[in-house]
Amino acid sequence: AQTVTQSQPEMSVQEAETVTLSCTYDTSESDYYLFWYKQPPSRQMILVIRQEAYKQQNATENRFSVNFQKAAKSFSLKISDSQLGDAAMYFCAYYAGGTSYGKLTFGQGTILTVHP
Amino acid sequence: DSGVTQTPKHLITATGQRVTLRCSPRSGDLSVYWYQQSLDQGLQFLIQYYNGEERAKGNILERFSAQQFPDLHSELNLSSLELGDSALYFCASSVDGQGATLRVNAEAFFGQGTRLTVV
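Presented here is a report on the structure given in the accompanying data block. Since we're looking at a predicted model, the values are computed, not measured.

Rules used throughout
Residues numbered from 1 in each chain as written. Chains lettered and ligands numbered in written order. Predicted model: local features only at pLDDT ≥ 70, side-chain atom pairs only at ≥ 80, totals over all residues. Heavy atoms only, no water. Helix = DSSP H or I, 4+ residues; strand = E, 2+ residues; numbered from the N terminus. Rg over C-alpha atoms; globule rule 2.2 N^0.38 Å. Buried < 20%, exposed > 50% of the residue type's maximum accessible area, 1.4 Å probe, protein only. Contact = heavy atoms within 4.5 Å. Lys, Arg positive; Asp, Glu negative; His and termini not counted. Charge placed at Lys NZ, Arg CZ, Asp CG, Glu CD. Areas by Shrake-Rupley, 256 points an atom, 1.4 Å probe, with all protein chains shown as cover. Pairing = 2+ DSSP bridges. Disulfide = S-S within 2.5 Å. Core = buried A, V, L, I, M, F, W, Y, C linked by side-chain atoms within 4.5 Å.

### Observations concerning the overall build of chain A
Looking only at helices and strands, chain A has 0 helices and 12 strands in total. For chain A, the α and β elements follow one another from N to C terminus as β-β-β-β-β-β-β-β-β-β-β-β. Its C-alpha radius of gyration of 14 Å places chain A within 12% of the 13 Å reference for a compact globule of 116 residues. In terms of overall dimensions, chain A has C-alpha extents of about 45 × 30 × 20 Å along its principal axes. In chain A, buried positions account for 50% of the 116 residues. The long-range share in chain A, meaning contacts at least 24 apart out of those at least 6 apart in sequence, stands at 55%. Across chain A, the 9 positively charged side chains and the 10 negatively charged ones have centroids separated by 5 Å.

### Structural notes on the overall build of chain B
What chain B contains, in helices and strands, is 0 helices and 11 strands. Along chain B, helices and strands appear, N-terminal first, in the series β-β-β-β-β-β-β-β-β-β-β. Classification of the 119 residues of chain B by burial places 51% in the buried group. In chain B, of all internal contacts separated by at least 6 residues, the share reaching a separation of at least 24 is 57%. Summing over all exposed atoms, chain B offers an accessible surface of approximately 5,500 Å²; the carbon and sulfur share of this is 47%.

### Things to note about the pairing of strand E8 (residues 74–78) of chain B
Residue and element names in this part refer to chain B. The buried count for E8 comes to 5 of 5 residues, which makes it a mostly enclosed element. Along E8, one buried face is formed by Ser74, Leu76 and Leu78 and the opposite face, lined by Glu75 and Asn77, is buried too. When strand E7 (residues 64–68) meets E8, the two strands line up antiparallel, connected through 5 bridges. In the strand pairing of E8, Gln68 is matched with Ser74. Between the antiparallel neighbours E7 and E8 lie 5 residues, among them Leu72 with a positive phi of about 80°.

### A closer look at the side chain of Ser76 of chain A
Residue and element names in this part refer to chain A. Counting through the fold element by element, Ser76 comes out in strand E9 (residues 74–79). Overall, the relative accessible area of 12% leaves Ser76 in the buried class. For Ser76, the residues in contact, after removing those within four places along its chain, are Thr20, Leu21, Ser22, Cys23, Trp36, Ser65, Val66 and Asn67.

### A short note on the state of the cysteines
Residue and element names in this part refer to chain A. Summed over all chains, the structure comprises 2 disulfides over all chains. Across the disulfide, Cys23 is cross-linked to Cys92 (sulfur-sulfur distance 2.0 Å). Taking the sign of the S-S torsion, -70° for the link of Cys23 and Cys92, the bridge is left-handed. Within this pair, whereas Cys23 is found in the loop between strand E3 (19–21) and strand E4 (24–26), its partner Cys92 is found in strand E10 (residues 88–95), the two being separated by 69 residues in sequence. With relative accessibility at 2%, the residue Cys23 sits in the buried group.

### Some remarks on the pairing of strand E12 (residues 110–115) of chain A
A regular strand places its side chains so that they alternate between the two faces of the sheet. All names here are of chain A. Only one face of E12 is covered, namely the face carrying Thr110, Leu112 and Val114; the face carrying Ile111, Thr113 and His115 is uncovered. As defined by bridge partners, strand E2 (residues 10–14) adjoins E12 across 5 bridges and the pair is classed as parallel. If you follow Ser12 over to E12, its bridge partner there is Thr113. Sheet topology note: the E10/E12 ladder contains 3 bridges and is antiparallel. By the bridge assignment for E12, Ala88 is matched with Leu112.

### So, the nonpolar core
One finds Tyr25, Tyr32, Trp36, Phe75, Leu77 and Tyr90 of chain A to be the most contacted residues of the largest nonpolar core, which totals 26 residues. With 4 residues, the single largest contributor to this core is E10 of chain A. Ranked by size, the runner-up nonpolar core spans 20 residues in total, among them Val4, Leu46, Leu81 and Leu116 of chain B.

Any functional reading would require information that these geometric values do not contain.
Below you can see the structure in the form of structure tokens.
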């Protein structure tokens, strides 16, 4: 079964600084997607960034980038120039076909605090 | 706005009761997922429907059931409610629901959730 692990329950960063959130996963699939979702206090789940496993290039979306290490099954999120609005719970998620057949498997989440 | 609509936003009910949560997916999305988020369990996958058919099942209790209608909206029915069922229930939708077409946009878009409180 696929599992997703976020080993950092909480992280904090100063405004304008950079922070990296960690995620590891376990799978026997070769083709899959990885995502980072943000959940602010409003509880809305917002897609931050996605990575296709067959692509070697790391995904980037403005201040958000990932470090995807397929062999190590690691998928970290880097937030540059952190802003107060980045404060939220961040979830790493895995998606594949096969036995997981389209469901997203989430990690336990990391609470990010941004200090002014 | 994700385009996924969930109703109601909040629901308070007593133990032993039955409730129905409703989800309208984004236009064009065939797949609907239900997730439960409680304080100590994170986001747990309950069930997925694709174009009206059940596609995958997760940790869904026998007291819970779901269906997807011809217009693609979905309902999650929770019965014989217990205090421990209090949680945020999310619906998500995506274009794809079949592993064979993984190359299609795979991201799921979430509704705002229904906050269920069982008292």
